[in-house]
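Residue strings, one per chain:
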2 protein chains.
Amino acid sequence: MQFGIAVFPSKEVQDIANSFRKRYDPHYSLIQPHLTIREKDEWTDEQLERAVALLEQAAQTTAPFTIHFNRFSSFYPVANVVYMALSDTKPMQRLYEAICTGGLEEPKRTYLFNPHLTIGQAMNSDELHDVLASVKSKKLDLTSRIDRFHLLYQTDNGAWTAHQTFLLRG
Amino acid sequence: MQFGIAVFPSKEVQDIANSFRKRYDPHYSLIQPHLTIREKDEWTDEQLERAVALLEQAAQTTAPFTIHFNRFSSFYPVANVVYMALSDTKPMQRLYEAICTGGLEEPKRTYLFNPHLTIGQAMNSDELHDVLASVKSKKLDLTSRIDRFHLLYQTDNGAWTAHQTFLLRG
């Protein structure tokens, strides 16, 4: 099965993100607004069991923290993705490093981890510039307490189901 | 916020349920295939905190179990709902009783708890009979190990986000 790891921000942030995602993100109906920690990966039952033990360790050594979204941004021209950006990415970076290490290091990652909440993707460049122009002028000033992360798996229709929550107890 | 409690069956069961839900269930994109344990309910932060403690207790005193879907059925004429039915509802009934008791008793329940996996709803009676006629002849023989349940909350668009998983440890 395909497993992924993500953080869901507060309901308030999810509601605002969804107001954009419903127009700009074809993944809108597949998963709630999230910050990906670990990209999807095919795991056997044995890999899942090992991963759960490693994730429990990571959760026990990481303290809860607050994130602050302060602007809309884009990965253009690397990727036609519009996202809500963090004023300080370090706490999410530390969570990523606590999780994606040792047995859970990402084999295929070819770019740096850059925590973000996607609100638009799979657009051509003209559409991307239209969306960016419309959101760039909007004010964004939202905080969210992050005290857990979720291990999810994907069903055949592309949607994601929660497998397990890990509470940050560090 | 609106909180609900549900069990997700195995990915195999979800995939089969989704093949029907995408046609017959307007909730298809709001939540993955599930068996509802506790209907949605508005909770304050304090109620949430108390509920989490009660759910941890319930999980610690309930052992994992297996469910077996053996047929399609309907709540007609009480409700125009088509669902995958269990050959034996007792283990789910016991989980319900472990969870929806004491501080988590359901205030508004006016009908008996009847565990089921909805694959169609919000149809008129003609549509319901068409769907029932088409699924009633299909064989259903699927088992799923249930070793956890999930506390979920609803965002403004009607979709559900996982708040916390509780592993059955009894």
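Chain A carries the name Putative phosphoesterase SD70_05370 in an unreviewed UniProt entry, which gives Gordoniibacillus kamchatkensis as its organism. Under the Sequence similarities (unreviewed entry) heading, UniProt states for chain A: "Belongs to the 2H phosphoesterase superfamily. YjcG family."

S.K.: Describe the interface of chain B and chain A, with residues and values.
M.R.: With 25 residues of chain B at the interface, the matching set in chain A holds 25 residues. Taken together, the two surfaces of chain B and chain A that pack against each other cover about 2,100 Å², and 48% of this comes from carbon and sulfur. On inspection of chain B and its partner chain A, the count reaches two salt bridges. Between Lys11 of chain A and Asp156 of chain B there is a salt bridge whose closest N-O contact spans 2.7 Å. Counting the contacts that link chain B with chain A gives 23 residue pairs in polar contact (both at pLDDT 80 or more). Those elements that provide at least two residues to the side of chain B that touches chain A are α1 (11-24), β7 (148-154) and β8 (160-167) of chain B. Sorting elements by how many residues they give to the side of chain B that touches chain A places β8 of chain B first, with seven residues. Grouping the constituent residues of the side of chain B that touches chain A by class yields nine nonpolar, 12 polar and four charged.

S.K.: Explain the pattern of salt bridges to me, and be specific about the residues and the numbers.
M.R.: In this structure the tally under the stated criterion is 12 salt bridges over all chains. Across the salt bridge formed by Arg21 of chain B and Asp25 of chain B, the nearest N and O atoms sit 3.5 Å from each other. In this structure, Arg21 of chain B and Asp25 of chain B share a single accessibility class: buried. A salt bridge links Asp147 of chain B to Arg148 of chain B; its shortest N-O distance comes to 2.9 Å. Accessibility expressed as a relative area gives 28% for Asp147 of chain B, which makes it partly exposed. Residues joined in a network through salt bridges with shared partners are Lys11 and Asp15 of chain A together with Asp156 of chain B.

S.K.: I'd love a proper account of the relation of the copies chain B and chain A, names of residues and values included.
M.R.: Superposing chain B onto chain A takes a rotation of 180° plus a shift of 0.0 Å along the axis, which leaves an RMSD of 0.0 Å. Overall, the copies show the geometry of a two-fold rotation axis. Looking at chain B, 100% of its interface residues are interface residues in chain A too, so the copies touch through the same face.

S.K.: Account for the side chain of Thr118 of chain B, naming residues and giving values.
M.R.: Residue and element names in this part refer to chain B. Along the chain, Thr118 turns up in strand β5 (residues 117-120). Given the relative accessible area of 15%, Thr118 is considered buried. Reaching out from Thr118, the side chain makes a polar contact with the side chain of His116 at a distance of 3.4 Å. Beyond its immediate chain neighbours, meaning those up to four positions away, Thr118 contacts Arg21, Asp25, His34, Val81, Val82 and Tyr83.

Each value, and the rule that gives it
- Along each chain, the written sequence defines residue order, and numbers are assigned to residues from 1.
- All chains are assigned letters beginning at A, and all ligands numbers beginning at 1, according to the order in which they are written.
- pLDDT decides what is reported in this predicted model: residues at 70 or higher carry local features, side-chain atom pairs at 80 or more are listed and counted, and totals for whole chains, interfaces and linings draw on all residues regardless.
- With hydrogens and water stripped out, all remaining heavy atoms of the structure feed into the side-chain values.
- UniProt positions are given in the numbering used here, feature names are shortened, and annotations may be inferred rather than shown by experiment.
- Any two residues whose heavy atoms approach within 4.5 Å are treated as being in contact.
- A 1.4 Å probe defines the accessible area here, and the buried area is the portion of it lost by two parts on being joined, summed over both.
- A pairing counts as a salt bridge when a side-chain nitrogen of Lys or Arg comes within 4 Å of a carboxyl oxygen of Asp or Glu.
- Polar contacts here mean pairs of N or O atoms no more than 3.5 Å apart (in protein, one a potential hydrogen donor and the other a potential acceptor; neighbouring residues in sequence count only if both atoms are side-chain atoms).
- Here a strand is any run of E in DSSP of at least two residues, a helix any run of H or I of at least four, and the numbering for each starts at the N terminus.
- Each residue receives one of three labels: charged for Asp, Glu, Lys and Arg, nonpolar for Ala, Val, Leu, Ile, Met, Phe, Trp, Tyr, Cys and Pro, and polar for the others, Gly being one of them.
- Buried residues are those whose accessible area, probed at 1.4 Å on protein chains only, stays under 20% of the maximum for their type, while exposed residues exceed 50% and partly exposed ones sit between those limits.
- A least-squares fit on C-alpha atoms brings the copies together, and the residues used are those whose pLDDT is at least 70 in both copies.

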